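# Report on the structure
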Amino acid sequence: MSWAIEVQNLNVWYGDKHIIKNVSFRVPKNVIFAIMGPSGCGKSTLLRAMNRLLDLNPHARVEGQVKINGVNIYGDNVDVTWVRRQFGMVFQIPNPFPHLSIYENVALGPKLNGLVKDKSQLDELVKQALQKAYLWDEVKNDLRKPASMLSGGQQQRLCIARALALKPRIILMDEPTANLDPVASSKIEELLLELKEDYTIIIVTHNPQQAARVSDYVAFLYMGELIEIGETSTVFTRPSNILTEKYVLGRMG
Amino acid sequence: MSLKRPIDYGLEKLNGMINDMIDLAGKTLEISIESILTRTDNVEEVRKLSDQLIFMMDETSELAVQLIARFQPVASDLREIKSAIQISYDFSRIGRYAANIAEIARMIPEEGCDFTSVRELSRIVLEMVREAGKAYLNKDLKKADELRSMDDQVDKLYAESMKHLIQMGGKINTACLLSIALILRYLERIADHACYIADATSYMITGRKY
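Residues numbered from 1 in each chain as written. Chains lettered and ligands numbered in written order. Predicted model: local features only at pLDDT ≥ 70, side-chain atom pairs only at ≥ 80, totals over all residues.

## Comments concerning the overall build of chain B
Definition in use: Helix and strand assignments come from DSSP, with helices taken as H or I runs of at least 4 residues and strands as E runs of at least 2, each series counted from the N terminus. Burial is judged by counting the other C-beta atoms within 10 Å of a residue's own C-beta: 20 or more makes it buried, 12 or fewer makes it exposed, and any count in between marks it as partly exposed, with every C-beta position built from the backbone. For the purpose of contact definition, each residue receives a C-beta atom placed from its backbone, and two residues are in contact when these atoms lie within 7 Å.
Summing up its helical and strand segments, chain B has six helices and zero strands in all. The order of α-helices and β-strands along chain B, N terminus first, is α-α-α-α-α-α. Taking the principal axes of its C-alpha atoms as reference, chain B extends roughly 65 × 35 × 25 Å. Within the span of chain B, comprising 210 residues, buried residues form 40% of the whole. For chain B, the share of sequence-separated contacts (at least 6 apart) that also reach a separation of at least 24 residues comes to 83%.

## Regarding the interface of chain A and chain B
Listed per partner, the contact involves eleven residues of chain A and nine residues of chain B. Elements represented by at least two residues in the side of chain A that touches chain B include exactly helix H8 (208-214) and helix H10 (242-249) of chain A.

## Quick word on the nonpolar core
Our working definition: Defined on buried residues, the nonpolar core groups Ala, Val, Leu, Ile, Met, Phe, Trp, Tyr and Cys residues joined through C-beta atoms within 7 Å.
Counting residues in each nonpolar core, the largest one holds 132 residues, and the members touching the most others are A:Ala161, A:Ile201, B:Ile190 and B:Ala194. Not counting chain neighbours up to four residues away, the residues in contact with A:Ala161 comprise A:Val106, A:Ala129, A:Leu130, A:Lys132, A:Ala133 and A:Leu135.

## Focus on the sheet that holds strand S7 (residues 170-174) of chain A
Residue and element names in this part refer to chain A. Put simply, the rule reads: By this definition, two strands are paired if DSSP reports at least two bridges between them. Orientation is described by axes fitted as lines to C-alpha atoms, over the contacting stretch for helices, and by angles from 0 to 180 degrees between their N-to-C directions.
The six strands are arranged S6-S7-S8-S3-S9-S10 in an open sheet whose pairing can be described as mixed. Each end of this open sheet is capped by a strand with a single partner; those strands are strand S6 (87-90) and strand S10 (225-231). Pairwise comparison of adjacent strand axes, ignoring direction, gives a mean angle of 15° for this sheet.

## A short note on the environment of A:Val27
Residues and elements named next belong to chain A. Its location among the elements puts valine 27 in strand S2 (residues 17-28). Judged by local crowding, valine 27 falls into the buried class, with 22 C-beta atoms found within 10 Å. The sequence separation of valine 27 and valine 80 amounts to 53 residues, and the corresponding C-alpha distance is 21 Å. Look past the residues within four positions of valine 27 in its chain and what remains in contact with it is Trp3, Ala4, Ile5, Phe33, Thr200 and Ile202.

## Quick word on unusual backbone geometry
With phi around 50°, A:Tyr134 is a residue other than glycine that occupies positive phi space. Checked against the element boundaries, A:Tyr134 lands in the loop between helix H4 (119-132) and helix H5 (136-139).

## Here we look at the pairing of strand S1 (residues 3-14) of chain A
Residue and element names in this part refer to chain A. Where S1 meets S2, eight bridges bridge the pair, whose relative direction is antiparallel. Bridged to isoleucine 5 within S2 is valine 27. Count of turn residues in the S1/S2 antiparallel hairpin: two residues, of which glycine 15 carries a positive phi of about 60°. Bridge count for S1 against strand S4 (residues 60-68) is seven bridges, and the pairing is antiparallel. Paired with asparagine 11 across the two strands is glutamate 63, which belongs to S4.

## Let's talk about H10(A)
In plain terms, the rule: What the arc covers is the set of directions going from the helix axis to the C-beta atoms.
Taken as a whole, H10(A) has its buried residues at A:Thr244, A:Glu245, A:Tyr247 and A:Val248. Down the axis, H10(A) shows its buried residues gathered within 165° of arc, on one side only. Of the surrounding secondary structure, the elements contacted by the buried residues of H10(A) are H8, strand S9 (217-222), S10 and helix H9 (232-235) of chain A together with helix H3 (75-104) of chain B.

Here you go:
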């Protein structure tokens, strides 16, 4: 079996604080993999360790391995830009560049990274990304308008389109619907199911129901430790660990 | 002491309804067996109790569906609800078979029927129905296991008694023979449903199929 990503004995410290404690797991390709757990359990830190976003935090220290296609992204001679290009990332609060146009939000990455030769290629790439994010039909006549005119849900799909335009292998999502209303949230969830045909999606959520609805596999993280990992249908019908059971039943804390 | 979750109020109500069904099913079966052994006509009463059990089954599954719709239960909550639906159905079937048994009292001749095998089998089956209820209420995995071995005992006794009846063919009153055969058959079915209740109980506790 070839894995989209393999995490081995991963540890993260912020200063003296041990945030992620010897976590190991593997994610198959083309699945939705959810990481769930209560606030402060280390979910977002784990996600940020997977694409070396933690490098930007001077207090963070990472040990262990994260492998994509067999390459340890923390190994020597690994180009961080290459690492980041393997991942698209979507955050809790939609963060398009508000003053740039809808078009420019998607086009900026490919332009800066030299992914396209000319304007018509760029146009095509922007259109494809917006179509894949199921936003095209809603914005095709407003491409030159600023991204700030879009609704929250549309802005989040624009962020997804922006990530897709860079042709990543893996999409990391950090509570992508936490700030959206239920209708906009459902749209994102539907979109995830479409996107897993072409990408591997790792989604962090503090909403176990969301993990139950959309994911194929789910990991339960508690106080920095990986408590349980398994097929979503198994974890939500007969969790094997009592802490997982308490968490999914809403009996934790 | 932690706060109750909203779903807990519903689960308690569901449990209370199953509890009532356990009592009623035991009572229904007891009266129907009594009517055979004492040759009294209790058909109307047993039918009424059986109808009541069916009504309670409908109420139970209605509440179960409401809980699923409102709380999207998972893990042990979900298994408890699934088991409640199954168990309430089993108790309603037990009620129906009890009514069938009571109805047979009307075709039994005044004299000459030997109900030893019925007496023996009904004693075990009635105990199984009561114990199945207890296993569910107390989430008792061991008792659920015991019920499965009691069912083996019932099957064995049933097979022996039927063999004996066939040998007696022509030697005893046909109405007697048919009555006893039917009652034994219904009792054997009731024991099966007690066993299904044990299976649903074990599933509820462990999440494994039995």
